[in-house]
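# Remarks on the overall topology
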Number of protein chains: 2
Amino acid sequence: MSEITLDIIQEIAQPSPSKIILLVMDGLGGLPHPQTGKTELETARTPNLDRLAATGICGLTEPVAPGITPGSAPGHLSLFGYDPVKYTIGRGILEAVGIDFDVRRGDVAARGNFSTIDEAGRVTDRRAGRLSDEKCVELCKLLDGQTINGVKIFVRPVREHRLVVMMRGEGLAPDVSDSDPQKTGVPPLTIIAHSPAAEKLAKVANEFLGRAKEMLAKHHPANMVLLRGFSQHPDIPTMSEVFKLKPAAIASYPMYRGLAKLVGMDVLKTGKTIEDEIQTLKQNYGSYDFFFVHIKGTDTGGEDGNFEAKVKVIENVDRLVPEVTALNPDVIVVAGDHSTPATFKGHTWHPVPFLLYSRWCRPDDITKFSESSCASTSLSHLPATSLMVLAMANAQKLNKYGA
Amino acid sequence: MSEITLDIIQEIAQPSPSKIILLVMDGLGGLPHPQTGKTELETARTPNLDRLAATGICGLTEPVAPGITPGSAPGHLSLFGYDPVKYTIGRGILEAVGIDFDVRRGDVAARGNFSTIDEAGRVTDRRAGRLSDEKCVELCKLLDGQTINGVKIFVRPVREHRLVVMMRGEGLAPDVSDSDPQKTGVPPLTIIAHSPAAEKLAKVANEFLGRAKEMLAKHHPANMVLLRGFSQHPDIPTMSEVFKLKPAAIASYPMYRGLAKLVGMDVLKTGKTIEDEIQTLKQNYGSYDFFFVHIKGTDTGGEDGNFEAKVKVIENVDRLVPEVTALNPDVIVVAGDHSTPATFKGHTWHPVPFLLYSRWCRPDDITKFSESSCASTSLSHLPATSLMVLAMANAQKLNKYGA
């Protein structure tokens with residue numbers, strides 16, 4: 001198959017009034033329940049999704065490549081049409097967008113741990129006894145707001161021992177080593193610049209860690225900070241640039257809002273439930289031509305090993321499908337960023353069911369939205385990045401390629 | 001899947017007396033008729049194609065990639081085995097081969113418009129009121145045959161306001177900007193060289209346009225020429241070089257003869273009908289080992305939105321299939337360069353049905369040549385470039401790869 005780069009898409013994409021809704025059920029793909037032989041999706045009663053599947057086309061997406069289990073970032077990037085091997089998102093940046101931090105191009109983010117060091121300066125606990133969220137917030141406030149060599153330092157709590165350190169200033173390059181030794185019994189590492197351009201950042205980060213050690217000295221067990229995954233906003237062209245879309249994201253969880261922001265989507269304010277999200281979709285339907293709606297519950301059910309909970313979330317989504325179809329969008333895509341089978345209790349490499357509904361679908365003979373039916377179509381092995389191209393084609397937002 | 005480059009094919013291809021016939025129904029793929037739910041191919045009575053499908057293998061080709069609607073050039077290049085993203089054909093060259101102009105390597109072609117400018121030199125009509133074919137011929141004769149800086153200029157009519165300007169001489173590189181501003185109210189643009197190597201061409205083209213303005217001054221509304229899409233013969237290895245074939249093209253329409261010529265096929269003189277084309281095939285059967293037979297009517301029916309006309313062309317082809325099989329070729333491929341559903345009235349991105357018949361096919365269970373049956377096989381998602389490799393393999397024209 002020819003490789004379709006974003007440059008090619010950018011060349012043939014054209015703005016149009018047609019509308020695309022991409023409904024992502026996180027971790028949608030499943031594995032059979034040992035008692036029934038049916039997956040979560042196959043167990044759920046989904047008359048509305050089945051009706052969409054019957055009129056549209058179905059298949060399985062390969063989020064990255066066969067056998068590769070994607071993290072949340074690659075799983076979503078590929079659904080947004082970006083090759084997740086070409087466009088990678090650093091650990092620090094992912095943590096930062098995951099707490100709704102407004103990451104600007106040029107900022108450098110690092111993932112941090114509060115940790116414990118002994119009198120000789122050796123790390124004895126990389127997680128400082130998993131301190132409480134409250135303590136994390138308190139200690140972040142203590143360290144936050146410093147300026148070193150003209151670089152402003154933001155320190156933000158994540159959860160337990162986890163924090164984000166964000167550095168904002170001129171001339172920061174992120175190719176530096178970690179201070180986190182990833183093991184105990186040794187001192188934290190000095191951060192080293194891997195290029196001359198990164199020397200400023202290394203100096204600032206080492207100075208910050210030196211100060212942090214002093215400021216935390218009396219806060220045992222959280223008497224040190226370890227940093228890793230220094231990274232910058234990925235150099236990703238926005239969806240408006242590539243696809244000529246006006247895209248909006250509707251997601252209850254900050255991580256997914258952040259991922260959407262990284263590709264240039266407007267993030268819409270929404271509530272905690274799926275109903276809230278659909279309400280937000282309806283309220284903003286006139287203002288955008290692409291909507292990414294993110295459902296977290298399917299993944300949570302899978303991660304928790306709670307088969308029944310995942311089934312319930314799918315059924316809940318199905319009940320709301322008529323409100324989506326009533327908007328009469330040109331294209332509806334229902335997909336997942338990866339599989340999270342409840343039996344596995346984690347992300348897996350299994351391809352993920354999708355359906356695409358538009359008036360221009362050449363019908364397959366699928367009448368039920370399920371892993372097994374999706375595996376029987378001609379799109380049973382579709383690169384997830386192609387799904388976005390297919391959605392664009394069905395919305396008639398792509399010109400002919402070549403004369 | 002490993003990427004099989006033309007270098008690899010060239011290494012393993014071997015000349016042999018076996019024969020391949022590639023029968024291309026342009027725009028073959030369709031969409032269901034709203035009343036019957038059947039595509040054009042599914043509606044047509046095709047007992048002979050069905051018989052070939054039953055003995056051979058079937059599937060769907062992906063001409064470029066999922067969701068990408070191919071123009072005629074990429075659609076055919078991929079059927080000829082050339083990656084249509086790697087090998088692209090410039091607008092000017094395509095126009096030139098489309099009027100049967102004998103394009104030589106080194107020539108530069110541009111697509112031209114007769115257009116109207118006002119007294120201030122601003123474009124007021126990019127198409128000069130769509131002048132008549134006769135007027136176009138007359139004005140092209142006026143401009144044709146000049147020599148500028150040792151570069152010979154050929155000016156040829158296409159249709160209405162459309163013309164081709166071909167420049168032949170030493171040291172011409174085509175990376176120059178267009179003179180066509182693509183809008184009215186502004187003057188034509190000066191052609192600018194994008195590299196030092198292209199400076200000669202830019203100078204010659206600007207001089208030509210200056211002269212054209214003078215020569216056309218009294219021919220309002222066609223008092224100016226706009227040029228765009230400067231391009232050269234693509235640097236494509238011939239089918240003889242890559243596949244070790246002696247290939248011939250049989251096509252009623254000049255565009256497809258031209259595309260075949262670009263990959264080194266001999267173009268055989270033929271008539272206007274499918275019957276003429278099959279006659280030409282029979283007459284020349286002894287002299288070549290690869291035949292590309294192009295049927296235009298399927299695409300025309302689709303473009304016109306004439307479902308029934310497209311069905312009739314398919315049935316007409318089917319009636320002639322026994323004359324093709326009677327030649328007893330080693331491999332028959334029936335395919336399309338893209339889909340042109342009559343309901344859509346234009347090229348689309350949908351994959352295209354194909355069948356491949358040879359004595360070495362591992363049978364599938366298909367007994368009817370149709371989109372839906374082709375979608376049910378293991379080749380329901382075949383890159384179109386792979387079809388040529390499969391044809392070569394079935395004709396036993398490819399050696400083992402690797403020891």
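Look above for the structure.
Here's what I pulled together on the structure shown here. What you see is a predicted model, and the numbers here were worked out from it, not measured in a lab.

## Some details on the overall build of chain A
Each helix and strand counted, chain A has 14 helices and 14 strands in total. Since a compact globule built from 403 residues should have a radius of gyration of about 22 Å, the 23 Å found for chain A is in line with a globular shape. A principal-axis box enclosing the C-alpha atoms of chain A has dimensions of 70 × 55 × 40 Å. Of all 403 residues assigned to chain A, the portion counted as buried reaches 56%. By sequence separation, contacts in chain A at least 24 residues apart represent 74% of the contacts at least 6 residues apart. Computed over 44 positive and 47 negative side-chain charges, the inter-centroid distance for chain A is 3 Å.

## Thoughts on the pattern of salt bridges
Summed over the entire model, instances satisfying the criterion amount to 40 salt bridges over all chains. Between Arg162 of chain B and Glu160 of chain B there is a salt bridge, with its nearest N and O atoms 3.7 Å apart. What makes Arg162 of chain B buried here is its relative accessible area of 18%. Judged by its relative accessible area of 22%, Glu160 of chain B falls in the partly exposed class. The structure contains a network of salt bridges with shared partners spanning Arg91, Glu95 and Arg111 of chain A.

## Quick look at the sheet that holds strand E11 (residues 290-295) of chain B
Residue and element names in this part refer to chain B. What the eight strands build is an open sheet, ordered E10-E9-E11-E1-E12-E13-E2-E14; its pairing is mixed. Of all the strands in the sheet, just strand E10 (266-267) and strand E14 (382-383) have a single pairing partner and so form its edges. Both strand E12 (residues 331-335) and strand E13 (residues 352-357) contribute to a ladder of three bridges, which runs antiparallel. Residue pairing across strands places Val333 opposite Leu356, the latter belonging to E13. Against the sheet, helix H4 (residues 72-79) contacts strand E1 (20-25), E11 and E12, and its axis sits at roughly 155° relative to E1.

## Some details on the sheet that holds strand E13 (residues 352-357) of chain A
Residues and elements named next belong to chain A. Spatially, eight strands are ordered E10-E9-E11-E1-E12-E13-E2-E14 in an open sheet, and the strand pairing comes out mixed. One side of each edge strand has no neighbouring strand; the edge strands of this open sheet are strand E10 (266-267) and strand E14 (382-383). Running at roughly 155° to strand E1 (residues 20-25), helix H4 (residues 72-79) makes contact with E1, strand E11 (290-295) and strand E12 (331-335) of the sheet.

## Observations concerning the interface of chain A and chain B
Tallying the contact residues gives 25 residues for chain A and 35 residues for chain B. Counting the surface lost from both chain A and chain B, the interface buries some 2400 Å², and carbon and sulfur atoms represent 66% of this. Looking at the side of chain A facing chain B, the largest losses of area belong to Met1, Arg362 and Tyr401 of chain A, adding up to 34% of the total buried there. Secondary structure elements with two or more residues in the side of chain A that touches chain B: helix H1 (6-12) and helix H14 (384-394) of chain A. Broken down by element, the side of chain A that touches chain B gets its largest block of residues, five residues, from H14 of chain A.

## Re the pairing of strand E8 (residues 224-232) of chain A
Residues and elements named next belong to chain A. Counted residue by residue, E8 has seven buried out of nine residues, so it is predominantly covered. Across seven bridges, strand E3 (residues 108-117) lies against E8 in antiparallel orientation. Pairing of Arg111 across the sheet is with Arg228, part of E8.

## What to know about the nonpolar core
Of all hydrophobic cores here, the largest spans 67 residues; its most connected members are Tyr82, Met239, Phe243, Met265, Phe290, Phe292 and Leu356 of chain A. With eight residues, H14 of chain A is the single largest residue contributor to this core. Setting aside its immediate chain neighbours within four residues, Tyr82 of chain A contacts Leu6, Leu77, Tyr87, Ile236, Pro237, Thr238, Met239, Val242, Phe243, Val263 and Thr385 of chain A. Within the second largest apolar cluster, 54 residues are counted, among which are Met166, Phe354, Met388 and Ala395 of chain B.

## Focus on the packing of aromatic side chains
Summed over all chains, the structure comprises 15 aromatic pairs over all chains. Considering the side-chain rings of Tyr82 of chain A and Tyr87 of chain A, the 5.8 Å spacing of their centres and the 85° angle between planes classify their relative orientation as edge-to-face. For the pair Tyr82 of chain A and Tyr87 of chain A, a shared accessibility class is recorded, and that class is buried. Ring plane angle 15° and centroid distance 5.6 Å describe the contact between Tyr285 of chain A and Phe291 of chain A, whose orientation is recorded as stacked. Summarising the burial analysis for this pair, Tyr285 of chain A and Phe291 of chain A share the class buried. Members of the aromatic cluster, joined through ring pairs, are Tyr82, Tyr87 and Phe243 of chain A. Lys19 of chain B extends its terminal NZ or CZ atom over the ring of Tyr285 of chain B, reaching a point 4.8 Å from the ring centre. Just above the ring of Tyr253 of chain B sits the side chain of Lys296 of chain B; from NZ or CZ to the centre is 5.5 Å.

## Describing the packing of helix H5 (residues 91-98) of chain B against helix H9 (residues 254-262) of chain B
All names here are of chain B. Relative to each other, H5 and H9 sit at 115°, their axes nearing to 7 Å. In this structure, H5 meets H9 at a crossing whose hand is right-handed. For the pair formed by H5 and H9, the contact residues are Ile93, Leu94, Val97 and Gly98 on the first element and Pro254, Met255, Gly258, Leu259 and Leu262 on the second.

## Regarding helix H3 (residues 47-55) of chain A
Residues of H3 of chain A that are buried include every one of Asn48, Leu49, Asp50, Leu52 and Ala53 of chain A, and no others. In this fold, the buried residues of H3 of chain A make contact with E1, strand E2 (57-62), helix H12 (307-325), E12 and E13 of chain A.

## Quick notes on the state of the cysteines
Across all of its chains, the model carries zero disulfides over all chains by this definition. Looking at the unpaired Cys58 of chain B, the closest cysteine sulfur is the one in Cys374 of chain B, lying at 4.5 Å.

## A few points about the relation of the copies chain A and chain B
Once chain A is rotated about the relating axis by 121° and shifted along it by 0.5 Å, it coincides with chain B to within an RMSD of 0.2 Å. On the angle and the small slide along the axis, the relation comes out as a three-fold axis.

## Focus: the environment of Asp276 of chain B
Residues and elements named next belong to chain B. If you trace the backbone, Asp276 turns up in helix H10 (residues 274-283). The exposure class of Asp276 is partly exposed, given its relative accessible area of 30%. When the C-alpha atoms of Asp276 and Ala251 are compared, they prove to be 9.7 Å apart, with 25 residues separating the residues in sequence. Setting aside anything within four residues of it in sequence, one finds Asp276 in contact with Thr270 and Gly271.

## Some details on the layout of surface pockets
Over the atoms, a rolled probe matching the size of one water molecule traces out where space is still vacant. Here the second largest pocket is characterised by a volume of approximately 1100 Å³. Lining the second largest pocket are 35 residues, and of these Ala403 of chain A together with Arg91, Leu94, Glu95 and Met255 of chain B lie nearest its centre. Every element with two or more residues in the lining of the second largest pocket is listed here: H1 of chain A together with H4, H5, strand E6 (151-159), H9 and helix H11 (297-303) of chain B.

## Here we look at the packing of H3 of chain A against H12 of chain A
All names here are of chain A. At their nearest, the axes of H3 and H12 sit 7 Å apart, and the two run at 50° to each other. Classed by the angle they form, the pair H3 and H12 counts as oblique. Residues Pro47, Asn48, Leu49 and Leu52 of H3 touch H12, and the partners they reach there are Asp318, Arg319, Val321, Pro322 and Thr325. Each residue belonging to the contact of H3 with H12 can be placed in one class, and the counts come to five nonpolar, two polar and two charged.

What counts, and at which threshold
Residues numbered from 1 in each chain as written. Chains lettered and ligands numbered in written order. Predicted model: local features only at pLDDT ≥ 70, side-chain atom pairs only at ≥ 80, totals over all residues. Heavy atoms only, no water. Helix = DSSP H or I, 4+ residues; strand = E, 2+ residues; numbered from the N terminus. Rg over C-alpha atoms; globule rule 2.2 N^0.38 Å. Buried < 20%, exposed > 50% of the residue type's maximum accessible area, 1.4 Å probe, protein only. Contact = heavy atoms within 4.5 Å. Lys, Arg positive; Asp, Glu negative; His and termini not counted. Charge placed at Lys NZ, Arg CZ, Asp CG, Glu CD. Salt bridge = Lys/Arg side-chain N within 4 Å of Asp/Glu carboxyl O. Pairing = 2+ DSSP bridges. Axes fitted to C-alpha atoms, helices over the stretch in contact; angles between N-to-C directions. Buried area = accessible area lost by both parts, 1.4 Å probe. Core = buried A, V, L, I, M, F, W, Y, C linked by side-chain atoms within 4.5 Å. Phe/Tyr/Trp six-rings, centres within 6.5 Å; stacked < 30°, edge-to-face > 60°. Lys NZ or Arg CZ within 6 Å of the ring centre and 35° of its normal. Left-handed = near helix turned anticlockwise from the far one by under 90°. Disulfide = S-S within 2.5 Å. Least-squares fit on C-alpha atoms with pLDDT ≥ 70 in both. 1 Å grid on protein atoms, 1.4 Å probe; cavity = no way out; pocket = protein on both sides within 12 Å on 5 of 7 lines; lining within 4 Å. Points joined across faces, edges and corners; volume = space filled by probe spheres on them. Parallel < 35°, antiparallel > 145°, perpendicular 65-115°, else oblique. Nonpolar A, V, L, I, M, F, W, Y, C, P; charged D, E, K, R; others polar.

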